Amino acid sequence: MGSRCELQLYLPDSKQSEPIFRELIGEVSRLEEKYSRYKQTSVISAINAAAGRGAPTIIDAETAQLFDYADALYVQSDGMFDITSGVLRQAWDFRSGQLPSDAAIDDTLPLIGWRKVARGPDHIYLPRAGMQVDFGGFAKEYAVDVVTTRCLDLGVEHGIVNLGGDVRVVGPHPDGSPWRVGIQHPRSSDETIAVVELDQGAVATSGDYERFMVVDGKRYCHLLDPRTGRSLQSSLASVSVLANNCLVAGSFSTLAMLQSEAADEWLLSSGLPHLTVDQSLSVNGTIGRTSTAAA
């Protein structure tokens with residue numbers, strides 16, 4: 001999944017460890033093969049390759065449900081969370097240290113627009129050549145939930161699933177103590193800015209530090225406005241959200257980043273425990289049992 005992934009499980013019988021871990025890792029691999037845009041044989045690659053060619057791509061029920069979820073995120077965010085906006089990567093290269101030209105951005109904008117996509121319960125079609133869809137905004141979180149559910153099916157009662165920093169616990173430690181999950185400091189990759197204790201549920205973080213560049217003293221992050229093609233200038237450096245499942249935690253943390261100054265009020269209205277870090281590194285939120293590091 002292009003990131004560090006970790007499973008820590010307590011198993012009553014050590015003989016079970018190899019087949020259980022093999023099955024769980026296989027499930028992660030299945031989802032990566034199925035939904036990664038980097039895999040030429042993935043469903044996502046097939047859909048994108050068929051764009052503008054006149055024939056829809058047949059999809060299964062799992063994929064259809066994920067597109068339904070993407071649609072819900074689009075509505076919830078007033079169009080800011082748009083899984084067709086990945087084509088902006090063609091204009092934005094955060095490793096270059098150079099801003100894209102207006103022309104490069106303008107060339108991609110006609111290829112963006114979730115409402116342009118034609119889909120049904122078993123098919124999807126991108127009407128214009130060059131259009132793309134991408135599950136990168138929630139695929140890892142979905143995989144975390146799938147693996148956690150499989151752990152429970154296999155009788156695992158204590159453990160933690162961590163796929164690239166998206167975390168869900170499978171009950172507490174056997175002695176009842178919670179798992180301690182570090183929240184990355186948005187300005188120092190080897191530090192934490194907070195520690196959250198979890199004995200159930202999930203935590204996910206979105207931030208402006210995942211991909212960014214600084215040009216003429218101004219920070220430009222990977223969160224791009226699908227309406228303008230420009231980098232969002234959020235008042236927040238990161239948002240962490242706790243939820244019963246990782247898909248909701250990850251989605252709401254991203255949506256909150258898009259909300260910028262209104263994020264805390266919006267998250268309070270959602271009822272989800274959260275922690276926000278603004279550009280001055282002030283920490284706010286409603287997460288309990290949290291210790292914050294010095295900024």
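Higher on the page you've got the structure.
Residues numbered from 1 in each chain as written. Predicted model: local features only at pLDDT ≥ 70, side-chain atom pairs only at ≥ 80, totals over all residues. Heavy atoms only, no water.

(A) Examining the environment of I59 more closely. Looking at the element boundaries, I59 is found in the loop between β2 (57–58) and α3 (61–76). Distance in space between the C-alpha atoms of I59 and D166 is 26 Å, their sequence separation being 107 residues. When neighbours within four sequence positions are excluded, I59 is seen to be in contact with V43, I47, A64, F67, D122, H123 and I124. (Helix = DSSP H or I, 4+ residues; strand = E, 2+ residues; numbered from the N terminus. Contact = heavy atoms within 4.5 Å.)

(B) Local environment of helix α6 (residues 246–259). Its 14 residues give α6 an end-to-end C-alpha distance of 20 Å, which sits within 8% of 20 Å, the value for a rise of 1.5 Å per residue. Within α6, burial applies to C246, L247, A249, G250, S251, F252, S253, T254, L255, A256, M257 and L258. Along its buried surface, α6 packs onto α3, α5 (139–153), β6 (166–169), β9 (202–207), β12 (236–243) and α7 (263–270). Of the residues that open α6, the one with a side-chain oxygen 3.3 Å from the backbone nitrogen of L247 is N245. (Expected span 1.5 Å × (residues − 1). Buried < 20%, exposed > 50% of the residue type's maximum accessible area, 1.4 Å probe, protein only. Polar contact = N/O pair within 3.5 Å; in protein donor to acceptor, adjacent residues only side chain to side chain.)

(C) Here's a closer look at the environment of L24. Mapping L24 onto the fold places it in helix α1 (residues 17–35). Owing to a relative accessible area of 0%, L24 belongs among the buried residues under this scheme.

(D) Spatial organisation of the side chain of S234. The topology assignment puts S234 in the loop between β11 (218–221) and β12. Judged by its relative accessible area of 16%, S234 is buried. In terms of polar contacts, S234 uses its side chain to reach the backbone amide nitrogen of L236, at 3.0 Å. Not counting residues up to four positions away in its chain, the partners in contact with S234 are M257, S260 and Q279.

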